[in-house]
Amino acid sequence: MEFVIGPLDLAAHVDEALAVQAAAFGLGPDEVAVRRQIVLRHMTHPGARALGATVGGDLVGFVYGMPNDRAHWWSTVVEPYLRAQGNDAWLDDSFVITELHVHPAHQNRGTGRSLITTITDSATEPRSILSAIDTESPARGLYRSLGYQDLARQVRFPSAPKPYAVMGAPLPLRRPAARP
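Residues numbered from 1 in each chain as written. Predicted model: local features only at pLDDT ≥ 70, side-chain atom pairs only at ≥ 80, totals over all residues. Heavy atoms only, no water.

One open sheet accounts for seven strands, arranged S1-S2-S3-S4-S5-S7-S6; its pairing is mixed. Because the sheet does not close on itself, it has two edges, and the strands there are strand S1 (4-7) and strand S6 (149-155). The mean inter-strand angle of the sheet, taken between neighbouring strand axes irrespective of direction, is 25 degrees. Set on the sheet, helix H1 (residues 14-25) makes contact with strand S3 (58-67), strand S4 (94-102), strand S5 (127-133) and strand S7 (164-170); between it and S3 the angle comes to about 95 degrees. (Pairing = 2+ DSSP bridges. Helix = DSSP H or I, 4+ residues; strand = E, 2+ residues; numbered from the N terminus. Axes fitted to C-alpha atoms, helices over the stretch in contact; angles between N-to-C directions. Contact = heavy atoms within 4.5 Å.)

With that settled, the discussion passes to unusual backbone geometry. Most peptide bonds adopt trans geometry, and most residues besides glycine take a negative phi value. At the junction of Leu-171 and Pro-172, the peptide bond is cis and its omega measures out at 0 degrees in the coordinates. Inspection of the secondary structure assignment puts Pro-172 in the segment after S7. Of note in the backbone geometry, Asn-108 takes a positive phi value of approximately 65 degrees without being a glycine. As for its placement among the helices and strands, Asn-108 is situated in the loop between S4 and helix H4 (111-121). Even without glycine at this site, Ser-159 takes up a positive phi of about 75 degrees. Residue classification places Ser-159 among the exposed residues on the basis of a relative accessible area of 80%. (Buried < 20%, exposed > 50% of the residue type's maximum accessible area, 1.4 Å probe, protein only.)

What follows deals with the side chain of Arg-140. As for its position among the elements, Arg-140 is in helix H5 (residues 138-145). Non-local contacts of Arg-140, meaning those with residues more than four positions away in its chain, are made with Ala-132, Ile-133, Asp-134, Thr-135, Asp-150, Arg-153, Ala-165 and Met-167.

Opposite charge on two side chains allows them to pair when their charged atoms are near. Taken as a whole and assessed by the stated rule, the structure comprises 13 salt bridges. Among the salt bridges present, the one from Glu-31 reaches Arg-35, with a minimum N-O distance of 3.0 Å. One end of the pair, Glu-31, and the other, Arg-35, are both in helix H2 (residues 29-42), four residues apart, so they sit about a helical turn from each other. For Glu-31, a relative accessible area of 37% translates into the label partly exposed. For Arg-35, a relative accessible area of 16% gives the class buried. Ionic pairing is found between Arg-83 and Glu-79, a salt bridge with its closest N-O pair at 2.7 Å. With Arg-83 and Glu-79 both in helix H3 (residues 73-84) and four residues apart, this pair spans about one turn of that helix. Salt bridges here are not isolated pairs; linked through shared partners, they connect Asp-134, Glu-136, Arg-140, Arg-144, Asp-150 and Arg-153. (Salt bridge = Lys/Arg side-chain N within 4 Å of Asp/Glu carboxyl O.)

On to the environment of Val-20, then. Along the chain, Val-20 falls in helix H1. Taking the C-alpha atoms as reference points, Val-20 and Asp-93, 73 residues apart in sequence, are found 30 Å from one another. For Val-20, the residues in contact, after removing those within four places along its chain, are Leu-59, Val-60, Gly-61, Phe-62, His-101, Val-102 and His-103.

Written as structure tokens, this is what we have:
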């Protein structure tokens, strides 16, 4: 069955979205509870928006983001790493992808690609930034295929067990060549 991408009232569907994130990211109940509060707080930021991917009315993936603000917690953590690489200007005039998750049963079907390209297509900023666990993963491969490049690696977030990479791409994101 094909997925449908559309606007998502993330505050109203936060528990469904976090169930997808928990399945995709292996989160336990305590971490889900913490992330629930973070998501609800993020959705109050100016310009924050979310999209969902549904199959038969069930949420199978979601993305949300917002115009970046150097005062936001994420920016304050990544800024020294970006500055050390000469890339801290990426924090200005960027749309940050805060979360992008697809349920494992629905991965590798273009869902994540459709979510991220659709949300960034409506961004007014000239570029996008995000962070991803700093390992060679399908997610990082997807981001690279869309034009994201590493801006800083081995970024340490408090309480995160693994280092992250911060990636950036000009908008609109690169699309794969059409097949003949």
